[in-house]
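Observations on chain architecture
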Amino acid sequence: MEQRILHGNLTPHDIAQALIARFNRGNLRAQQIGDEEQVIVQIATRHGASSGGQTATTITLQAVEDGISVGMGKQEWLGVAASLGATAIAAMRNPFNLLGRLDDLAQDIENLQINQQVWETITHVAQIKGATYELSERLRRVVCEYCLAANPVGEANCIACGAPLGLAQPRTCPRCGFVIKAGEGVCPNCRRALPF
Ligand SMILES: [Zn+2]
Ligand SMILES: [Zn+2]
């Protein structure tokens, strides 16, 4: 399961709607289950699709503090692999057989890219809504341990009482949006090495 967090004014419903508009057509079928807090979107090959092998993927959208968490399961691709295999075998026997499977081949290649297209769709909606993998302005506050004043991120000392704010500054992984603690050199979520 690959997980990313988007910070900003974004709801699970916003993403679910965009995914269904994008994927519920052609040989694919997309549906959503859930409520306002958590929505699950399933994208699968339509039963009796005219071309290509079977595939399915599940996206879990969860409301979190000031944004949403997006989890994507590994795409099931066994049906696609079997279909690609049939195409290869047919071509070995007689190259002219490939002509009869061009539709399948095109659909299989498209199916293999569903997860990538899902991330593209989500990133697109996030851009429109102004959400990013970075902390939103509303979370860009460091609370002083001594006087509880809210300080902007980056201040070395509390603007109210002057106490040192130390390493309490939050930041996020630039790839997946996971909130990183001070001193962490690798993102605990996606394992990306982080700049200091
Ligand atoms: Zn203070
Ligand atoms: Zn990360």
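Every residue gets a number counted from 1 within its own chain, in the order that chain's sequence is written. The order in which chains are written sets their letters, starting at A; the order in which ligands are written sets their numbers, starting at 1. Totals for whole chains, interfaces and linings use all residues, but because this is a predicted model, local features are given only for residues with pLDDT of at least 70 and pairs of side-chain atoms are given and counted only at 80 or more. Water and hydrogen atoms were dropped before computing side-chain values, which therefore reflect all heavy atoms in the structure.

With respect to the overall build of the protein
- To qualify as a helix, a DSSP run of H or I must reach at least 4 residues; to qualify as a strand, a run of E must reach at least 2; elements of each kind are numbered from the N terminus. In terms of regular secondary structure, the protein is built from 5 helices and 9 strands.
- Listing every helix and strand of the protein by position from the N terminus yields β-α-β-β-β-β-α-α-α-α-β-β-β-β.
- For the protein, restricting intrachain contacts to residue pairs at least 6 apart in sequence, the fraction spanning at least 24 positions comes to 47%.
- Every accessible area reported is derived by Shrake-Rupley at a probe size of 1.4 Å, with residue values counting cover from the shown protein chains alone. In the form shown here, the protein has an accessible surface area of approximately 11,200 Å², with 55% of it arising from carbon and sulfur atoms. Any two residues having at least one pair of non-hydrogen atoms within 4.5 Å are treated as being in contact.

Digging into the side chain of threonine 121
- Here threonine 121 lies in helix α5 (residues 114–129).
- Here threonine 121 is in contact with Ala18, Leu19, Arg22 and Phe23, once residues within four sequence places are set aside.

Things to note about the confidence of the model for the protein
- Scored from 0 to 100, pLDDT records how confident the predictor is in each individual residue. Mean pLDDT for the protein: 82, with 90% of residues reaching 70 or above.
- When mean pLDDT is taken per element in the protein, helix α1 (residues 12–23) scores highest with 95 and helix α3 (residues 97–100) scores lowest with 68.

Some remarks on α5
- Multiplying 1.5 Å by the helix residue count minus one yields the expected span of that helix. Compared with an ideal rise of 1.5 Å per residue, which puts 16 residues at 22 Å, α5 spans 23 Å between its outermost C-alpha atoms and is within 8% of the ideal.
- Among all positions in α5, only Ile114, Asn115, Gln117, Val118, Trp119, Thr121, Ile122, Val125 and Ala126 are buried.
- Phi turns positive one or two residues past the end of α5, at glycine 130, with a value near 75°. Note on classification: 1.4 Å probe, protein chains only; a residue is buried when its accessible area is under 20% of the maximum for its type, exposed when over 50%, partly exposed between these limits.

Some thoughts on the coordination of the zinc ion (ligand 2)
- The coordination sphere of the zinc ion (ligand 2), as far as protein atoms go, consists of Cys173 (SG), Cys176 (SG), Cys187 (SG) and Cys190 (SG), spread over 2.3 to 2.4 Å.
- One chain supplies every donor for the zinc ion (ligand 2), spaced along it as C-x2-C-x10-C-x2-C. A donor here means an N, O or S atom no more than 2.8 Å from the metal, or no more than 3.2 Å when the metal is Na, K or Ca. Since water is not included, a site may seem to lack partners.

Overview of the pairing of strand β3 (residues 38–45)
- Where strand β2 (residues 28–34) meets β3, 7 bridges bridge the pair, whose relative direction is antiparallel. Note on β3: the bridge partner recorded for alanine 30 is isoleucine 43.
- Only strands that DSSP links by at least two bridges are regarded as paired with each other. Following β2, the chain reverses through 3 residues before pairing antiparallel with β3.
- Across 7 bridges, β3 lies against strand β4 (residues 56–64) in antiparallel orientation. In the strand pairing of β4, alanine 44 is matched with alanine 56.

Focus on the coordination of the zinc ion (ligand 1)
- For the zinc ion (ligand 1), the full set of protein donor atoms is Cys144 (SG), Cys147 (SG), Cys158 (SG) and Cys161 (SG), and the range of their distances to it is 2.3 to 2.4 Å.
- In short, tetrahedral needs four donors with all angles between 85 and 135 degrees, square planar needs four and octahedral six donors with opposite donors over 155 degrees apart and all other angles between 65 and 115, and whatever is left is irregular. If you look at the zinc ion (ligand 1), its 4 donor atoms make angles of 106 to 115° with each other, and the shape they trace is tetrahedral.
- Sequence spacing among the residues donating to the zinc ion (ligand 1) works out to C-x2-C-x10-C-x2-C. Of the two residues, cysteine 147 sits in the loop between β6 (141–143) and β7 (150–152) while cysteine 161 sits in the loop between β7 and β8 (171–172), which places them 14 residues apart along the sequence.
- Accessibility expressed as a relative area gives 35% for cysteine 147, which makes it partly exposed.

Concerning the nonpolar core
- Put simply, a nonpolar core is a bunch of buried Ala, Val, Leu, Ile, Met, Phe, Trp, Tyr and Cys residues held in one set by side-chain atoms that sit within 4.5 Å of each other. Ranked by size, the top nonpolar core spans 24 residues in total, and within it Ile43, Ile59, Leu61 and Val118 carry the most contacts.
- Contributions of two or more residues to this core are made by α1, β2, β3, β4, β5 (67–72) and α5.
- Ranked by the residues each element gives to this core, the list is headed by α5, at 6 residues.
- If we skip the residues at most four places from it in the chain, isoleucine 43 touches Phe23, Leu28, Arg29, Ala30, Thr55, Ala56, Thr57, Ile59, Ile114 and Val118.
- Core analysis: the next-biggest nonpolar cluster, separate from the first, contains 6 residues, Cys144, Ala149, Ala163 and Leu165 among them.

Notes on the packing of aromatic side chains
- Note on ring pairs: Phe, Tyr and Trp rings are taken, using the six-membered ring of Trp, and paired if centres are within 6.5 Å. Classes follow the plane angle, with under 30 degrees stacked, over 60 edge-to-face and the rest tilted. Overall, the coordinates contain 0 aromatic pairs when judged by the stated rule.
- In this arrangement the basic side chain of arginine 4 is found over the ring face of tryptophan 119, its NZ or CZ atom lying 3.9 Å from the centre.
- For the cation-ring pair, arginine 22 lies above phenylalanine 23, with the distance from its terminal atom to the ring centre recorded as 4.8 Å. By definition here, charges over rings are those cases where NZ of Lys or CZ of Arg is within 6 Å of the ring centre and within 35 degrees of the ring normal.

Concerning α1
- Over its 12 residues, α1 extends 16 Å from the first C-alpha to the last, a length consistent with the 16 Å expected when each residue adds 1.5 Å.
- Turning to α1, its buried residues number three or more, namely Pro12, Asp14, Ile15, Ala16, Leu19 and Phe23.
- Buried residues belonging to α1 abut β2, β3, β4, β5 and α5.

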